[in-house]
Amino acid sequence: MSRGWIVGALALASGCGAAPHRDVGLETREHAFTYPRASYVETEPGRPGGTLRISVASDTGTLDLQTIAATNPKWLGRLMFDNLVYLDDKGNITPWLARSWDISPDGRTYTFHLRHDVTFSDGTAFDAEAVRANLDRVRDPKTRAAMTTAYIAPYVAGRVIDRYTFEARLSEPYTPFLNVLAQSWLGMLSPATLRRSPAEIASHPVGSGPYVVESYRRQEGIVFAKRRDYAWAPDFLRHKGPAYIDRIEVGFVPEALIRYVSLASGQYQLTIDAPPQNARDIRANPELVLGNRINLGNPTRAITFNISQAPFDETAVRQAFALAIDRAGIARMSGFGEFTPTRAFLSANTPFADLGAVAGGPDLSQAALLLDGAGWTGRDAAGYRTRGGKRLEATVLLTEAAMLSPIVVALQSDVRRIGFKLNIEQVTLPQLTERRRRNDYQALGPGYWHTNTPDGLFIVYHGKQISTPAFIGQNTTMLHDPQLDALLSQAREARDPAQLARLYANAQARLVKLMPAVPLYENHTLIAYRRSLRGLVYDTSHNMPFLTTAWLAESSS
């Protein structure tokens, strides 16, 4: 991810929902699952030509993906940009723009041997200098790339050894380095583009990907045209040559019902944001296909506590709060049976996810015992718990765009049952940013962190990720636990799978004990498309459509 805060309202539903759906063919493992390999690779050649029309819920506001901390545009990056490396379906690193790489024994130097045949769409050759320019740009504080900077924070400097050999030097061993380089936000931009103004990069970036930006009109749409000389898709994808579809037109359609109706009518052939409330109708329509995938990284959090502020500075209070939450009920309400409730701190398909290390709930009796033991034994006239004459209450911040998130309204009701008063305060995004900077909040509303590595735990919960005047971090819990920090730091340096499994298992168990946030349900991506769209595969890092292999069985122009 990247980090993504849930800012759109979730539709409410009453009554019981069906069991959560997953794609057919899901392969289950002991602690996690993976999707079938065939959903990630091209299985047959497609038919060239045609125009694909896609609807999405919102505009990204920029096409400069290196600079934004949002999960929505990760699929766009695969249209415009290529990465040094790619993942296979099991999370192993495979070649892309880098044909091979060497890692020094101390884990601090990575030497990439690059392809010789790649060009950016402006004619500039892709080479070691292009890699250096991109990584240096992300690292530069002036770029204000808070999210991607966090991913490559150990990167110190790069050296061009020769035209097609690049050396990256790190300040410390950092095992997830290759994983994060596979993510869409770290796709390569043309060095000529990097010399332009930020506004130009935002509206017309130049990459080496299978499509080029023909036009971008904010809040209206994006048009992409095929690069007919493209010939360097990831090896793992099994695709040779350019993409099949000639033209891609993206429309921004914020209304969920309109996204569904326009897909069903054939106005669009693909929606990246399929409305969960229409999932049953989509499945029942023989002309449509619904894809429901879980994103790697950290699942959706119901609430993030600021443990430096009362009352969430008490572990017993945080544990009791978590025990009061009906995760399954909120998942049914929010996802109409499409969302999978979870109590784990890593998504179920993330490497080293330990689904046995989970926090319980709902258990109102145990929650009451915890609060009694912490001294919250009194009751006021409204029935809320008190201690020393002070009510047990806290305020959660939401942005105004959240439109009073139904998740938080449900939390209010759930924790009311144990005598906890949860207040909601809506603020603008700038106000939220300022309140975070001043550490002036008790809790933050629903959010998640998507990444293709369990190192997402480091980004969100390690003490080094707490913001300072000189550093924008993503640890909004203010958690600085030496034991957890040591486990996550060691995992960043470890290479042995058995050691990584042990470290991440212990880290997840520690998080369950500390409870700095409350996992709620898996971070799902729902897409829907017409059956005339063939050859659609998913990207291995992001579980979003990778359209290089897609083709249209019916002509569309």
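Above this text you will find the structure in question.
Residues numbered from 1 in each chain as written. Predicted model: local features only at pLDDT ≥ 70, side-chain atom pairs only at ≥ 80, totals over all residues. Heavy atoms only, no water.

1. Topic: the overall build of the protein chain
Test applied: To qualify as a helix, a DSSP run of H or I must reach at least 4 residues; to qualify as a strand, a run of E must reach at least 2; elements of each kind are numbered from the N terminus. Put simply, the radius of gyration uses C-alpha atoms, and a globule should come to 2.2 Å times the residue count raised to 0.38. Here the term buried applies to any residue with accessible area under 20% of the maximum for its type, exposed to any over 50%, and partly exposed to those in between, with areas from a 1.4 Å probe on protein chains only. By the convention used here, residues are in contact when the closest approach between their heavy atoms is within 4.5 Å. All accessibility values rest on the Shrake-Rupley procedure with a 1.4 Å probe; residue burial counts only the protein chains present in the view. Only four residue types enter the tally: Lys and Arg on the positive side, Asp and Glu on the negative side, with His and both chain ends excluded. Charge coordinates come from a single atom per side chain, which is NZ of Lys, CZ of Arg, CG of Asp or CD of Glu.
If you tally the helices and strands in the protein chain, you get 16 helices and 29 strands. For 557 residues, the compact-globule estimate of 2.2 N^0.38 gives 24 Å, and the C-alpha radius of gyration of the protein chain, at 23 Å, lies within 12% of that figure. Counting only C-alpha atoms and orienting by the principal axes, one finds that the protein chain spans roughly 75 × 55 × 45 Å. Relative to its full complement of 557 residues, the protein chain shows a buried share of 60%. For the protein chain, contacts bridging at least 24 residues in sequence account for 73% of all contacts bridging at least 6. Here the protein chain displays about 21,000 Å² of accessible surface, and carbon together with sulfur accounts for 51% of that area. Side-chain charges in the protein chain split into 60 positive and 54 negative, and the spacing between the mean points of these groups amounts to 2 Å.

2. Examining the packing of helix α9 (residues 315–323) against helix α11 (residues 364–373)
Basically, it comes down to this: A fitted line through C-alpha atoms serves as each axis, taken over the contacting stretch for helices, and the angle formed by two N-to-C directions is quoted from 0 to 180°. Oblique is the label for any angle not covered by the other classes, which are roughly parallel (under 35 degrees), roughly antiparallel (over 145) and roughly perpendicular (65 to 115). Working rule for handedness: look at the near helix, and if it is turned counterclockwise from the far one by less than a right angle, call the crossing left-handed; if clockwise, right-handed. We call Asp, Glu, Lys and Arg charged. Ala, Val, Leu, Ile, Met, Phe, Trp, Tyr, Cys and Pro are nonpolar, and the rest, Gly among them, are polar.
At a closest axis distance of 8 Å, the pairing of α9 and α11 adopts a crossing angle of 165°. When the axis of α9 is compared with that of α11, the two are roughly antiparallel. Taken as a pair, α9 and α11 cross one another with a handedness that is left-handed. Note on element contacts: α11 touches α9 through L364, Q366, A367, L370 and L371, opposite A316, V317, Q319, A320 and L323. For the contact of α9 with α11, the residue count by class is 8 nonpolar, 2 polar and no charged.

3. Observations regarding the sheet that holds strand β10 (residues 165–170)
Note the threshold: By the convention used here, strands pair only if DSSP detects at least 2 bridges between them.
With antiparallel pairing, the 4 strands of this open sheet are ordered in space as β7-β8-β10-β9. This sheet does not close on itself; its edge strands, each paired only once, are β7 (98–103) and β9 (155–162). Averaged over neighbouring strand pairs, the angle between their axes works out to 20° when direction is ignored. Of the strand pairs in this sheet, strand β8 (residues 109–114) and β10 are connected by 5 bridges, and their pairing is antiparallel. What sits directly across from T109, in β10, is R169. Strand contacts of helix α2 (residues 128–139): β8, β9 and β10, with the helix running at about 170° to β9, the strand carrying the most contacts.

4. Here's the deal with the sheet that holds strand β18 (residues 385–387)
Read across the open sheet, the 3 strands follow the order β17-β18-β19; overall the sheet is antiparallel. The sheet is open, and its two borders are formed by β17 (378–379) and β19 (390–391), each paired with just one other strand. Here β18 pairs with β19 via 2 bridges, running antiparallel. Note that in β19 the partner of R387 across the bridge is K390.

5. Points about helix α16 (residues 497–514)
Inclusion rule: A helix is expected to reach a length of 1.5 Å times the quantity of its residues less one.
Over its 18 residues, α16 extends 25 Å from the first C-alpha to the last, a length consistent with the 26 Å expected when each residue adds 1.5 Å. Listing the buried residues of α16 in full gives L500, L503, Y504, A507, Q508, R510, L511, V512 and L514. Lining the buried residues of α16 we find α9, α14 (456–461) and α15 (482–493). Of the residues one or two after α16, M515 is the one with positive phi, at around 50°.

6. Examining the pairing of β8
Here β7 pairs with β8 via 5 bridges, running antiparallel. From the neighbouring strand, A98 faces β8, where its bridge partner is L114. Taking the residues that link successive antiparallel strands as the turn, the β7-β8 hairpin has 5 residues, and the phi of G107 there is positive, at about 75°.

7. A look at the side chain of D136
Of note, D136 is situated in helix α2. Not counting the four nearest positions on each side in its chain, D136 is found in contact with Y155 and G158.

8. Notes on the environment of A331
Among the secondary structure elements, A331 is positioned in helix α10 (residues 327–335). Taking C-alpha positions, A331 is 16 Å from N298, a pair spaced 33 residues apart along the chain. Beyond its immediate stretch of four places on either side in the chain, A331 contacts F336, F339, P341 and Y521.

9. Some remarks on the environment of S171
In this fold, S171 is placed in the loop between β10 and α4 (177–181). For S171 and V156, which are 15 residues apart along the polypeptide, the C-alpha to C-alpha distance reads 5.9 Å. Each residue touching S171, except ones within four places of it in the same chain, is listed here: R108, P154 and V156.

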